[in-house]
Amino acid sequence: MSKMPQCLACGNTAHFVSSNVPALFPWNSTGSGLAGSFDANGNISNLENTATGGDIMLSAWERPFVHFDRCGRCGSARIQWP
Ligand SMILES: [Zn+2]
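S.K.: Whenever I open this one, the overall build of the protein chain confuses me. Can you help?
M.R.: Across its full length, the protein chain carries two helices and six strands. When its helices and strands are written in sequence order, the protein chain yields β-β-β-β-α-α-β-β. Split into buried and exposed, the 82 residues of the protein chain put 27% on the buried side. Considering only intrachain contacts with a sequence separation of at least 6, the fraction spanning at least 24 residues in the protein chain is 58%.

S.K.: Quick question: what am I supposed to make of the nonpolar core here?
M.R.: Nonpolar side chains tend to gather and get buried jointly when the protein is soluble and globular. Counting nine residues, the largest nonpolar core is built from Cys-7, Phe-16, Val-17, Val-21, Leu-34, Ala-35, Ala-60, Phe-68 and Cys-71. Broken down by secondary-structure element, the contributors of at least two residues to this core are strand 2 (15-17) and strand 3 (34-38). When near neighbours in sequence (up to four residues on either side) are disregarded, Phe-68 contacts Pro-5, Phe-16, Val-17, Ser-18 and Gly-36.

Cut-offs and rules
Residues numbered from 1 in each chain as written. Predicted model: local features only at pLDDT ≥ 70, side-chain atom pairs only at ≥ 80, totals over all residues. Helix = DSSP H or I, 4+ residues; strand = E, 2+ residues; numbered from the N terminus. Buried ≥ 20, exposed ≤ 12 C-beta atoms within 10 Å, placed from the backbone. Contact = placed C-beta atoms within 7 Å. Core = buried A, V, L, I, M, F, W, Y, C linked by C-beta atoms within 7 Å.

Following this line, the structure appears as structure tokens:
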């Protein structure tokens, strides 16, 4: 049983972004100001943000399923959390 979030559209399990945090400038293809990378255990290995404060960063770290609702690869919203 996987513990990782997974995009049901493309199978991506490593890169997700938040649609609730618009990017201040087009720094990546997803248009999100908050992006997270996940390791094989479903833990965040890296957080990138351009538009959020420390509170959002901390919240995203503790409850990523609340924030990351878009696939970082294909942009689909069909994300399945374990
Ligand atoms: Zn995808």
